[in-house]
Structure formats: structure tokens, C-alpha cells
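Each chain is listed here by its residues.
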Amino acid sequence: MGESLSFVQHFEIWLRAYLILSLFSFLYRDNVFYKLSEHIFAGLSAGYYVGLIWQTVIIQQLVNPMVDNGHWWLVFPGILGVLMFTRLIPKWSWVSRVSLAFVIGNTAGIYIISSLHGLIFPQVASTILSLDTGNGFAGTLLALLVVVGVISTLIYFYFSKEHTGLLGATARVGIWFIMIAFGAHFGYTVMGRISLLIGRAEFLYYEWGGSLSQIF
Amino acid sequence: MGFWENIQHIDRRWIYLLVAIAVFFPMIVVMHFPIEITPEARQLYEAIDALPNGSVVMLTFDYYPSAMAETQPMSIAALRHMFSKDMKVLTLSNIPLGGPSIAERVTREIALEYDKVYGIDFVNLGYKANYVAVMHGLASSIESIFPSDYSGTPLRDLPMMKHVKNYRDIEFIFVVADNATVDYWISIVNAQYGKPVGSGVTAVVAPKMYSFVDAGQMTGLLGGMKGAAEYERMVDISGSAIRGMDAQSLVHLLVIFFVIVGNLGFFMSRGKDGR
């Protein structure tokens, strides 16, 4: 950190460092500094989110188009949105089901298409591989492995018949594939969590350390 | 109580301390662990590099500040790559907290280095709620979803947006995400509108994404800080991901050591108990 920092920049860095160290202090034991930082985070997030939604959705997508462009029909989704608040009044909470019905119907329609067209069909197609992949014996072996893995894992999740005999043996093969997948996920998760720690450590070392060295 | 029994009951705070030392040590003594480029990262780099100079690309900042250590280096490396090829960059975020402001700060910082001008070379659309609706809406009209940019300037007043109306005007979408939005960029924007999508995701999200790459639905993938370091290496910059990989590798070695010692302790203790 070569350039000289202003008072505001120093303050910002020290505030961030205080919050980071307060949250890390939980690793030693629960304490008041940790609780305070946690509450500040929760409160700030909620406040920021409400403000953001008010500006980007209510004002930009509802009020402005109605007032400036005369899109009066937007009053209907606006009413549906207001009806959601009837959930706060027990006697009238049933009215919110009208809005929920619209949201559920709309969402189901969108998600069914995107799931089938964008996820299930392409993924199934990529599982149906030719044994002659053009990558020699290793390619053929991998293609077979994908087929065995998919089928055995699906059978593990087939609960309409007891897992005995051939079905049970195949399901046990499926468990191996599931465990290997869990292992890969866990390894990546460890890597991800360490990365977050490294990010904060780099801030403390380079930025807070830079501020410290300028002050003292 | 012997050594192996003691290992079984060690106070976890000693482990935290060792991890902390392993994280800070490479910042003092630079170690330069090797960084291999994976085929998925190379595929993403080559897809962007193959675009003609001046192409319009979309770069998403779909991540919370908590994931910045992994994802921000990807965004920075991608912006340097894109600006070095004089591409027009359209940024947006499907995450309310952090994403839009990170996009604004990072893009403007990198743009300064390449003498790029806001509104002509890059535009930050900001955030809009309900990303599924946003992704569908951008296909017909960007302006209908984002009437104004992050700062409130109407899109019609931005020169770059006169030629960028919907997905048809965008050559490539680079999704940087720490959550499930990337699934929808694939299942909606790639599958239904045919736009090539590449992604840089946090390590937690990465394993699931490999099936999209294998199926040809995703054009390249960066996974976690390692993926970010790979992209930095290909763009030929020395960023925070490359710097962080020393600590990452050292902590991984430490975790492997803990797993071996923990298991040895378990089996040795079991042998003594006769269980």
C-alpha cells in the first residue's frame, strides 16, 4: 500500500478490521463483540435489501411506468403484491392465496420448461454415450463408468422394492458413486471455506497492515 | 494418557491456530506453488479470446461480498481480458447484497487502466429482483427490465446501449456466481436462447458445473480460487488469486496431515482399548 490514505479510508479499513476480528473471536468463544457484529450485519442487510427492492422494483418497475408512461394495467400486479400483506391479518390472510396462486402457477410453468429443456434432456443426452468415443480404451471405459454410475445411483433411490438380490447389489454400487461425489463436494467445500479465510487474512495483512504502518 | 489418546482430545482452538499460521505464513515467505491450467479454464479463456475485438459481452456479478476472495479475482481477470481486446462490457447482478456495488467499483477501477469510458465501453445495469424473470425479459428488451443503469441514468442516454437491445446483440455471457443463478443462465439463457455461457463459480458450486461442461451446455469453467488463479495466469496478471494459492496449498497439506494423524490416533487408541 504505497499511496497515502485519507482519514475516511483509514476509518473504513479499521471498521472492517474490527468487524472481521470480532467475528473471528467466536472461534475462541462466544462473546459480546461477536454478537454485536452479527447483529449489525443482519440489520444492515435487511435495511439495504428493503431500500434496494423499493427503488429497483416498486419505483422503477411499477410507479414510474404508470406515472410517466401511462402503463395503467400495472395496477393489477401492484394489487396482487399488496394482497400478500393480508397474511399479517389473520382474519384476512386467506386473501393472500390469490397472489400466491398466481405466483405458483407462473413459476411452475416457467420452471417446468426450463428444467426439462435446459437440464433434464441435455443431461440425459450426455449420459447416452457411444462406446466408440474416439479416445481409445480410456474413453470407452469412462463412457461405461458414466452409464454404470447413473444407473446404479438411480437404483439406490428406487424405494418401491426392497434392496435385495441384484437390485441390492446394484444399489450398493450406487452408494460408492454417491460417496465419491460427496467426497468431491466436500473437498471443494473445504477449498472454498479456506479461500474465504485467505480473503479476510489478506485484507488484514495487506490493507489493515498498510494502514497500521502509515499511522504508526 | 498416551500421545495418541491426547490427539483424540486436542482442543480444537490449537487447530484453528495452526490453520491461521498456515494462512499468514505464505504472505511473509512467498512460496510459489505450481498452478496447472485445467482444460475447463482454458476452454473459457479461449472462447473469450476467440471473440472479435469490439464484441459485446455480458459479465455478471452474481455473488455476495462473502465470496469475494474467490470470485472477485475472476471478475477482475475477465475485465482485463475483455478490455484488452476492446470489448464492450455489460455488467449486471442478480444478487441484491454486494453484487451491484462490487460491479460498479471493480469495473470502473479496471476501466481506468485501459482508458475505457462509461456508457461507451461499459455499462453497469445494476440489480433487479427475480432473476428468472430478468433472464427471460432480457431476451426481448434489456430496457424493459432495466429502464436505467445502476446510477439511475436512462439506458437510452447511454451510447453503447443504442446498439445493445437484447441477447441477440451479445456475443458471450460470462457468469461469475456463488449460488444457483448459474443453473438458470444455463437452463434458460443457453438452452432457450442459444447464448454461449461460461462461468466462474465458488468452489462449493463447482462440482455440479462439470456436468454442464461435459454436456456442452457450458463453455468453460473456473472453480474457486484455483480457477481464478488459472485465469489470472492465462491473462498474464499477478492477482490476489495467484497470491492466495500459496496459502491454499499450504492449508490443504495441513488438512491432509490432520486427517492422517486423526485417523492414526483413532486406530491406535482403538487397538489399545481392545475394541
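All values reported here derive from a predicted model rather than from experimental measurement.

### Describing the overall build of chain A
Next, step 1: If you tally the helices and strands in chain A, you get six helices and zero strands.
Next, step 2: Seen in sequence order, chain A has helices and strands lined up from the N terminus as α-α-α-α-α-α.
Next, step 3: At 28 Å, chain A has a C-alpha radius of gyration far larger than the 17 Å of a compact globule built from 216 residues.
Next, step 4: Taking the principal axes of the C-alpha coordinates as reference, chain A spans close to 70 × 60 × 40 Å.
Next, step 5: The buried share among the 216 residues of chain A stands at 8%.

### A short note on the environment of M225 of chain B
Next, step 1: Within the secondary structure, M225 of chain B is located in helix α10 (residues 224-235).
Next, step 2: In contact with M225 of chain B, not counting residues within four places along its chain, are S195 of chain A together with A69, E70, A241, G244, M245 and Q248 of chain B.

### Overview of the interface of chain A and chain B
Next, step 1: Taken together, the contacts link 36 residues of chain A with 41 residues of chain B.
Next, step 2: Those elements giving two or more residues to the side of chain A that touches chain B turn out to be α2 (32-69), α4 (96-127) and α6 (165-215) of chain A.
Next, step 3: Per-element tally for the side of chain A that touches chain B: the top contributor is α6 of chain A, with 16 residues.
Next, step 4: Taken together, the residues of the side of chain A that touches chain B break down into 20 nonpolar, 15 polar and one charged.

### Comments concerning the domain arrangement of chain B
Next, step 1: The domain architecture assigned to chain B consists of domain 1 (3-30 + 248-273) and domain 2 (39-237).
Next, step 2: The C-alpha centroid of domain 2 of chain B is placed 39 Å from the C-alpha centroid of domain 1 of chain B.

### Notes on the nonpolar core
Residues and elements named next belong to chain B.
Next, step 1: Core analysis: the largest hydrophobic core is formed by 82 residues, its most contacted members being V57, I173, F174 and W185.
Next, step 2: The biggest single contributor to this core is helix α4 (residues 68-84), with nine residues.
Next, step 3: Ignoring anything within four residues of it in the chain, the contact list for F174 reads I48, V57, L59, A78 and G198.

### Quick word on the confidence of the model for chain A
One rule of thumb: low pLDDT means the predicted coordinates there are not for detailed reading.
Next, step 1: Looking at chain A, the pLDDT average stands at 90 and 99% of residues meet or exceed 70.
Next, step 2: Within chain A, helix α5 (residues 136-156) of chain A has the poorest average pLDDT of any element, 88, and helix α1 (residues 7-24) of chain A the best, 94.

### Comments concerning the domain arrangement of chain A
Next, step 1: For chain A, the assigned domains are domain 1 (1-70), domain 2 (87-128) and domain 3 (129-216).
Next, step 2: Computed from C-alpha atoms alone, the centre-to-centre distance between domain 2 of chain A and domain 3 of chain A is 28 Å.

### Some details on the sheet that holds strand β4 (residues 172-177) of chain B
All names here are of chain B.
Next, step 1: If you trace the six strands from one edge of the open sheet to the other, you get β3-β2-β1-β4-β5-β6, paired in parallel fashion. Edge positions in the sheet fall to β3 (122-127) and β6 (221-223), since each has one partner strand and no second. The average angle at which neighbouring strand axes cross in this sheet is 15 degrees, direction not considered.
Next, step 2: Where strand β1 (residues 56-62) lies against strand β2 (residues 88-93), five bridges are found, and the strand directions are parallel. In the sheet register, L59 faces β2, and the bridge partner there is T91.
Next, step 3: Contacting β4, β5 (197-201) and β6, helix α3 (residues 39-49) crosses the sheet at an angle of about 135 degrees to β6.

The rules we used
Residues numbered from 1 in each chain as written. Chains lettered and ligands numbered in written order. Predicted model: local features only at pLDDT ≥ 70, side-chain atom pairs only at ≥ 80, totals over all residues. Helix = DSSP H or I, 4+ residues; strand = E, 2+ residues; numbered from the N terminus. Rg over C-alpha atoms; globule rule 2.2 N^0.38 Å. Buried ≥ 20, exposed ≤ 12 C-beta atoms within 10 Å, placed from the backbone. Contact = placed C-beta atoms within 7 Å. Nonpolar A, V, L, I, M, F, W, Y, C, P; charged D, E, K, R; others polar. Domains from an automatic or database assignment. Core = buried A, V, L, I, M, F, W, Y, C linked by C-beta atoms within 7 Å. pLDDT = per-residue confidence, 0-100. Pairing = 2+ DSSP bridges. Axes fitted to C-alpha atoms, helices over the stretch in contact; angles between N-to-C directions.

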